[in-house]
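A closer look at the structure
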Amino acid sequence: MGPDPIRSSGERADTPLTAAIMAGRWIRTAAVDDEHGRRWRANPDPHGRPAAPGGPASLPPASFRSVSLHSGAAGIVLFFLELAAGTGHEAYLEDARAGARYLAATWRRQSGVSLHHGLAGVVLALTEAGWVLGEERFEAEAVAAADRIVRGARAMDDGGIGWSGDPTPRGDGGVVLGLLRAAAALGVPAYEEMAIEAGRRIARLTAPRERPAACPALPAEAAAPGFLAGTAGTAFLLARLYGATGEESFLDAARRGAGLVRAAGVATGRGVMVGDHLGYCSGSAGIARMFYELYRVTGDGGDLEWVKRLAGGVRESGAPFRQTAGLWNVACQCCGTAGLIELYVGLWAATGDQEHLEFARRLADHLIGRATGYDGRGYRWYQAYRRHRPGEVTADTGYLTGAAGIGAALLHLDAAGQADRPRRVILLPDNPFPPIPVPAVALRRPAG
């Protein structure tokens, strides 16, 4: 983590909102404008490089990473839209507008269709930009990109349809989630129809096929029960499809996946751990999303209890003050503290249990304290994104790996508890928690 010679972590007085503003300041230093609009360098340090290169061969080329939800313009556009909502400063809308212009002008050059690295994520960003900015041209480009995703579906060897054959959220599962979101937001039923048809193929699979690790940070064996490239994420998708269709085959398949994850759990006092990883991509923060989605669509209290037990396991691990094999020197949404903040803010919004909100605040205090900002250029977070290469320390701008996603998590925490002025937050399609982070009971007003 980067040292700050001016203030120690205990001396920082930042709120989540001011820290998010400082993250936005640093991201702005990475802006690159051209005739198409604005993109942002993944790592603006003179001698640094982004966390994405050097990972699995399945990652897209650098040209697509510049627009991706994972580490490019799509994720940063979402962050600036939220920063404008959180601060009321319209200047951030101009950042988002410039990024959306770049997405609208360049998406046709791209080939991948996945949610985090491909067109499905671009569709999400253009849709949100069009809605917030009131510009129909962005929504029109989102429709055009989503149409291309639908046209790109092909017959799989097993008789179903898909794109890559990978059923997890990293692959076809993420495309399905993106199309479900696009169908609702853009009002195009054909997107949902395609998503359901591709989902039926995934439901027929008895188990997710073996894939590489969920992110370059983890060895392949760590991914099996996890979310982004594992069983939990596939079961989440199937539960989402059950909620959309009521088809029991989706629920049955989701329950099979959940059963495999339960079998891998190890009690830790009042909590539970599945493997040693705590993050969204392969650990507790992501696996909890699967169980909450099952609870959301079925009302089964046993699923909610598993969410709470996973959250308890994270607390019992000593995170974030104790670095472990499951929460090493990493801060981002994918594998680190920001992803845990999303879990606890979401769980508080779902249950109203103050314990979850207080722990989210503790996580945020620690995360803000480790930010680097001594040069006046804003906040960034240096981290060893790949835990098997701990000496490789970078600071990135993107959503899953860097400051944009960290800033978004802090903005979601800032929105939490403000029942007097609740605001919608932008959650990715694989986040099942309430999009207004205030418990429903807090929004009720007495009659008269």
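Numbering of residues begins from 1 in every chain and follows the order in which that chain's sequence is written. Only residues with pLDDT of at least 70 are given local features in this predicted model, and only at 80 or more are side-chain atom pairs given and counted; all residues enter the totals for whole chains, interfaces and linings. Side-chain numbers come from the whole structure's heavy atoms, not from hydrogens or water.

Below, the discussion takes up unusual backbone geometry. With an omega of 0°, the peptide bond running from Ala-319 to Pro-320 counts as cis. Among the secondary structure elements, Pro-320 is positioned in the loop between helix H12 (301-316) and helix H13 (337-351). In this text, helices come from DSSP runs of H or I with a minimum length of four residues, and strands from runs of E with a minimum of two, each type numbered from the N-terminal end.

Only one rule defines a salt bridge in this text: a Lys or Arg side-chain nitrogen within 4 Å of an Asp or Glu carboxyl oxygen. This structure, assessed with the given rule, holds 23 salt bridges. Among the salt bridges present, the one from Glu-293 reaches Arg-240, with a minimum N-O distance of 2.7 Å. Here Glu-293 is found in helix H11 (residues 284-298), whereas its partner Arg-240 is found in helix H9 (residues 231-245), with 53 residues between them in sequence. Only protein chains enter the accessibility calculation, which uses a 1.4 Å probe. A residue is then buried if its area is under 20% of the maximum for its type, exposed if over 50%, and partly exposed in between. For Glu-293, a relative accessible area of 0% puts it in the buried group. With a shortest N-O distance of 2.8 Å, Arg-361 and Glu-358 are connected by a salt bridge. Residue Arg-361 and its partner Glu-358 are located together in helix H14 (residues 354-369), separated by three residues, close to a single helical turn. On the basis of relative accessibility, which here comes to 38%, the residue Glu-358 falls in the partly exposed class.

Before going further, it helps to examine the packing of aromatic side chains. Here a Phe, Tyr or Trp ring, Trp counted by its six-membered ring, pairs with any other such ring whose centre lies within 6.5 Å, and the pair is stacked when the planes are under 30 degrees apart, edge-to-face when over 60, and tilted otherwise. Taken as a whole, this structure holds ten aromatic pairs when the rule is applied. Ring geometry for Tyr-292 and Tyr-295: centres 5.8 Å apart, planes at 50°, overall tilted. Taken together, the residues span about one helical turn, with Tyr-292 and Tyr-295 both in helix H11 at a distance of three residues. Looking at Tyr-295, the relative accessible area reads 27%, which means it is partly exposed. Counting every residue linked through ring pairs, the aromatic cluster contains Trp-40, Phe-79, Phe-80 and Tyr-92. In this arrangement the basic side chain of Arg-309 is found over the ring face of Trp-306, its NZ or CZ atom lying 5.3 Å from the centre. Charge-over-ring contacts are defined here by two conditions on Lys NZ or Arg CZ: a distance within 6 Å of the ring centre and an angle within 35 degrees of the ring normal.

Now for the environment of Val-32. Relative to the assigned elements, Val-32 resides in strand S1 (residues 31-34). Considered as a pair, Val-32 and Gly-99 are 67 residues apart in the sequence and their alpha carbons are 9.9 Å apart. We call two residues contacting when some pair of their heavy atoms lies within 4.5 Å. Ignoring any residue separated from it by four or fewer positions in sequence, one finds Val-32 in contact with Gly-37, Arg-38, Arg-39 and Arg-41.

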